[in-house]
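What follows is the residue order along each chain.
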Amino acid sequence: MLDEREHWGSYAGFIFASIGSAVGIGNIWRFPYIVGTNGGGAFLIPYAIIMIVFGLSFMILEFAVGRYYQTSIIECLGKIKHQFKWVGLFTVIISSVVLSYYLVILGWILGYLLVLNFDHEYLDFDRFNESVYPIISFIAIVIINFLVLRKGIKNGIEKLAKWGMIVFLALLIPLTINGILLPNAEEGIEFYLTPNVDKLLDSTIWANAFGQAFFSLSIGFGTLLVYGSYLKGKHSLFKSSSIIIIFDTAIAIIAGLMIFSFVFAYNMEPDVGVSLIFKVMVSVFLEMEFGILLGTMFFSLLLVAGLTSSISLFQVPISALEDSLKYSRNKSVFIVFIIIPLVGVPSLLSYSIYDLSLFEIPILDLMDEIFGTYGLSISAILFSIIVLWFMDKKKLLTSVNMNSSLKISHSYLKVMKFSLPSVIAITIIYRLFFS
Ligand code: PHE
């Protein structure tokens, strides 16, 4: 017997879950550095323009398609035209691979929470990777995700999102205040936000703003579509998407204030990604008073942010099995939780003593480049072409404009039809050849 398809328990639950998906480790470990090195405060101009013009439109489209067809991305695209099911499957694969290494990074975060409190011998990132901590933490992260997802949309994802949001803010706000009050914090804030307007003419900045905006809003992964597919009410998608974008951006900006205050107060070099979090920030915490407590809060912040994102990625393949193969929730969750951790193993081992790599690039980084950057962009281009060129305009506009005070018109769709796929294509071509 098949159960009826689940829905969100409340509209607020949907908003919290979508913010939870958008606000992830990207907001904390990527956004600040990108701003700092791409024109400081001036970067916020291209970032805001891209968010408003392209981010908002793409987000509304994903939600609208999911809400209209009330099914997985494979079936949604298949309803537009049968052959497009393959594109849906392609997106499911991309999201699953990205998820597999996102779980590895989440495992590192949990592992650092443990070593920071109990085992300083392994605080050095290389030493850490030689220990068993990354492996046990990876397994623990998979189990936590499993326990939440097994409970479904309302009792699993929605509950985690609400609690996650409260815990997240309860950690972020005191950490940021603490950071800003440190001596020399102003220097960090200056580096972070002082606008370098000349840089606005540099196309790299625009390409970086585009990549960061799409990643941060979780665009192109099918997660927004899937979350939209559990939406029952006739809520305005324009309003919902605006709230999500404002929150995501505000949190990223605040995270930057926190990070740069800490980094500059302790005379460290700001850096990007893995080394910012596991090297620079760890050294900062080791030097400061109450560092273990603040470090524990910092890694818990990352953990909560990352968990509400990984949950949303998991839901993409789970809903594909439920809606396309008509498997029960339990069976779908079970299958997905066998496959995705297995796909994550090579990434997990790439930083360990086994050093798994290809062409001298660690597998995790390679996966990120192939699937997270190029695969994702291709999936976003195909999605926008299918929806904007092939979906019945009336149906699309009905879902897009439902209850919205600001109506999107036919002519706006026409502009998007050309500009959205081309802009994403230009960004990847630029990345491939010019950076
Ligand atoms: N938006 C998340 C971040 O900023 C990443 C993410 C992408 C999460 C897609 C879920 C789906 O880290």
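In this report, we go over the structure that sits alongside the text. These numbers were taken from a predicted model, which means no experiment stands behind them.

All right, on to the overall build of the protein then. Along the backbone of the protein there are 19 helices and two strands. What you see for the protein is a C-alpha radius of gyration of 21 Å, in line with the 22 Å of a compact globule of 435 residues. Taking the principal axes of its C-alpha atoms as reference, the protein extends roughly 60 × 50 × 45 Å. Taking all 435 residues of the protein together, the buried fraction comes to 59%. In the form shown here, the protein has an accessible surface area of approximately 18,000 Å², with 67% of it arising from carbon and sulfur atoms. Between the mean site of the 27 positive side-chain charges and the mean site of the 29 negative ones, the protein shows a separation of 21 Å.

Further remarks concern the packing of helix H8 (residues 133-149) against helix H16 (residues 329-350). Across the interface, H8 lies against H16 with an axial gap of 11 Å and an inter-helix angle of 160 degrees. Relative to H16, the element H8 is oriented roughly antiparallel. Remark: the crossing between H8 and H16 carries right-handed chirality. The segment H8 lies against H16, with Pro134, Ile135, Phe138, Val142, Asn145, Phe146 and Leu149 engaging Arg329, Val333, Phe337, Pro341, Gly344 and Leu348. Of the residues in the contact of H8 with H16, the class split is ten nonpolar, two polar and one charged.

Quick look at the pattern of salt bridges now. The final tally for this structure, using the stated rule, is six salt bridges. One salt bridge in this structure joins Lys85 and Glu75, with 3.6 Å as the shortest N-O distance. Here Lys85, found in helix H6 (residues 85-118), pairs with Glu75, found in helix H5 (residues 73-80); they are ten residues apart in sequence, far enough to count as distant. Look at Lys85 and you get partly exposed, because its relative accessible area is 26%. With a relative accessible area of 15%, Glu75 lands in the buried category. Residues Arg329 and Glu322 are paired through a salt bridge, measuring 3.6 Å at the closest nitrogen-oxygen approach. Taken as a pair, Arg329 and Glu322 share a single burial class, namely buried.

So, about unusual backbone geometry. Despite not being glycine, Gln70 shows a phi value in the positive range, around 50 degrees. Overall, the relative accessible area of 25% leaves Gln70 in the partly exposed class. Residues other than glycine seldom take positive phi values, yet Ser218 does so here, at roughly 60 degrees. Ser218 sits in the buried class, given a relative accessible area of 7%.

Time to look at H16. With 22 residues, H16 ought to run about 32 Å at 1.5 Å a step, and its terminal C-alpha atoms sit 32 Å apart, in line with that. Along its length, H16 shows its largest kink, about 30 degrees, at Gly344, and proline Pro346 lies within four residues downstream of that point. Of all the positions in H16, only Arg329, Ser332, Val333, Val336, Phe337, Ile340, Pro341, Gly344, Ser347, Leu348 and Ser350 are classed as buried. In the core, the buried residues of H16 are packed alongside H6, H8, helix H9 (152-180), helix H15 (291-324), strand E2 (361-362) and helix H17 (363-390).

Taken together, 15 residues surround the ligand, and among them Ala22, Gly26, Tyr102, Phe215 and Ser216 come closest. In the environment of the ligand, a nitrogen atom lies 3.1 Å from a nitrogen or oxygen atom belonging to the backbone of Ser216. Notes on the ligand: free accessible area 320 Å², of which the protein chains cover 100%. Those elements giving two or more residues to the shell around the ligand turn out to be helix H1 (11-22), helix H2 (25-29), helix H11 (203-216) and H15.

So, on to the packing of aromatic side chains. Summed over the entire model, instances satisfying the criterion amount to 36 aromatic pairs. Residues Phe215 and Phe221 carry aromatic rings whose centres are separated by 6.3 Å and whose planes lie at 65 degrees to one another, so their mutual orientation is edge-to-face. Residue Phe221 is classed as buried on the basis of its relative accessible area, which comes to 4%. Here the aromatic residues Trp29, Trp108, Tyr112, Phe125, Phe128, Phe262, Phe278, Phe285, Phe298, Phe299 and Tyr351 are joined through ring pairs into a cluster of three or more. Over the ring of Tyr327 we find Lys331; its NZ or CZ atom is 4.0 Å from the centre of that ring.

Attention now moves to the nonpolar core. Soluble globular proteins: nonpolar side chains tend toward being buried together. In terms of nonpolar packing, the biggest core is built from 155 residues, with Ile28, Phe298 and Phe299 touching the most fellow members. By residue number, the principal contributor to this core is H6, which donates 19 residues. Residues in contact with Phe299, not counting those within four places in the same chain, are Ile109, Tyr112, Leu113, Leu116, Ile277, Phe278 and Val282.

To continue, consider helix H18 (residues 393-401). Here H18 has its buried residues at Leu396, Leu397, Ser399, Val400 and Asn401. On its buried side, H18 packs onto helix H4 (44-69), helix H13 (237-265), H17 and helix H19 (410-434). For H18, the N-terminal capping position is held by Asp392, with its side-chain oxygen 3.1 Å away from the main-chain nitrogen of Lys394. Taken from the residues just after H18, Asn403 is the one with a positive phi, measuring 60 degrees.

If you trace the backbone, Val282 turns up in helix H14 (residues 273-287). Considering only alpha carbons, one finds Val282 and Phe125, 157 residues apart in sequence, at a separation of 9.5 Å. Once you skip the residues sitting within four places of it in the chain, Val282 turns out to touch Tyr112, Leu123, Ile277 and Phe299.

Calculation rules
- Residues numbered from 1 in each chain as written.
- Predicted model: local features only at pLDDT ≥ 70, side-chain atom pairs only at ≥ 80, totals over all residues.
- Heavy atoms only, no water.
- Helix = DSSP H or I, 4+ residues; strand = E, 2+ residues; numbered from the N terminus.
- Rg over C-alpha atoms; globule rule 2.2 N^0.38 Å.
- Buried < 20%, exposed > 50% of the residue type's maximum accessible area, 1.4 Å probe, protein only.
- Areas by Shrake-Rupley, 256 points an atom, 1.4 Å probe, with all protein chains shown as cover.
- Lys, Arg positive; Asp, Glu negative; His and termini not counted.
- Charge placed at Lys NZ, Arg CZ, Asp CG, Glu CD.
- Axes fitted to C-alpha atoms, helices over the stretch in contact; angles between N-to-C directions.
- Parallel < 35°, antiparallel > 145°, perpendicular 65-115°, else oblique.
- Left-handed = near helix turned anticlockwise from the far one by under 90°.
- Contact = heavy atoms within 4.5 Å.
- Nonpolar A, V, L, I, M, F, W, Y, C, P; charged D, E, K, R; others polar.
- Salt bridge = Lys/Arg side-chain N within 4 Å of Asp/Glu carboxyl O.
- Expected span 1.5 Å × (residues − 1).
- Bend = angle between axes of the 7 residues up to and from the residue.
- Near = heavy atom within 4 Å.
- Polar contact = N/O pair within 3.5 Å; in protein donor to acceptor, adjacent residues only side chain to side chain.
- Phe/Tyr/Trp six-rings, centres within 6.5 Å; stacked < 30°, edge-to-face > 60°.
- Lys NZ or Arg CZ within 6 Å of the ring centre and 35° of its normal.
- Core = buried A, V, L, I, M, F, W, Y, C linked by side-chain atoms within 4.5 Å.

Honestly, it's all geometry; don't read function into it.
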